[in-house]
Amino acid sequence: MERNTALRDFLRARRAQVSPAEAGLADGSGRRVPGLRREEVAALAGAR
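Residues numbered from 1 in each chain as written. Predicted model: local features only at pLDDT ≥ 70, side-chain atom pairs only at ≥ 80, totals over all residues. Heavy atoms only, no water.

Going by what an unreviewed UniProt entry lists, the chain is known as Transcriptional regulator and is assigned to Actinoplanes ianthinogenes.

Take a look at the structure:
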């Protein structure tokens with residue numbers, strides 16, 4: 001279980017380092033946490 005926690009923490013930290021504006025996305029208001037949402041990362045990676 002520790003491995004999953006480490007991966008989760010890593011991904012959250014990396015997503016928090018990039019703002020939606022920096023990634024070329026509309027700056028969504030009402031975000032509870034800074035950074036990109038998982039769906040936004042997937043779209044930028046071409047997974048959708």
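Draft legend 1. Representation of the overall build of the chain in the model. Across its full length, the chain holds two helices and zero strands. With the C-alpha coordinates aligned to their principal axes, the bounding extent of the chain is approximately 35 × 25 × 15 Å. Just so you have it, the chain exposes about 4,200 Å², and 52% of that area is on carbon and sulfur atoms. Computed over 10 positive and 6 negative side-chain charges, the inter-centroid distance for the chain is 5 Å. (Helix = DSSP H or I, 4+ residues; strand = E, 2+ residues; numbered from the N terminus. Areas by Shrake-Rupley, 256 points an atom, 1.4 Å probe, with all protein chains shown as cover. Lys, Arg positive; Asp, Glu negative; His and termini not counted. Charge placed at Lys NZ, Arg CZ, Asp CG, Glu CD.)

Draft legend 2. Representation of a nonpolar patch on the surface in the model. Where nonpolar side chains cluster on the molecular surface, the patch consists of Leu7, Phe10 and Leu11 and spans about 290 Å² of accessible area. For Leu11, the position within the fold is in helix H1 (residues 2-16). Exposure remark for Leu11: the relative accessible area of 41% places this residue in the partly exposed category. (Patch = residues over 30% accessible without salt bridge, like charges linked within 9 Å, V, L, I, M, F, W, Y side chains within 5 Å. Salt bridge = Lys/Arg side-chain N within 4 Å of Asp/Glu carboxyl O. Buried < 20%, exposed > 50% of the residue type's maximum accessible area, 1.4 Å probe, protein only.)

Draft legend 3. Representation of the pattern of salt bridges. Under the definition given, this model contains two salt bridges. The closest approach of N and O atoms between Arg8 and Asp9, which form a salt bridge, is 3.3 Å. Judged by relative accessible area, which is 39%, Asp9 ranks as partly exposed. The salt bridge partner of Glu40 is Arg37, with a shortest N-O separation of 3.9 Å. A relative accessible area of 14% places Glu40 in the buried class. Of the residues examined, Arg37 reaches a relative accessible area of 37% and is grouped as partly exposed.

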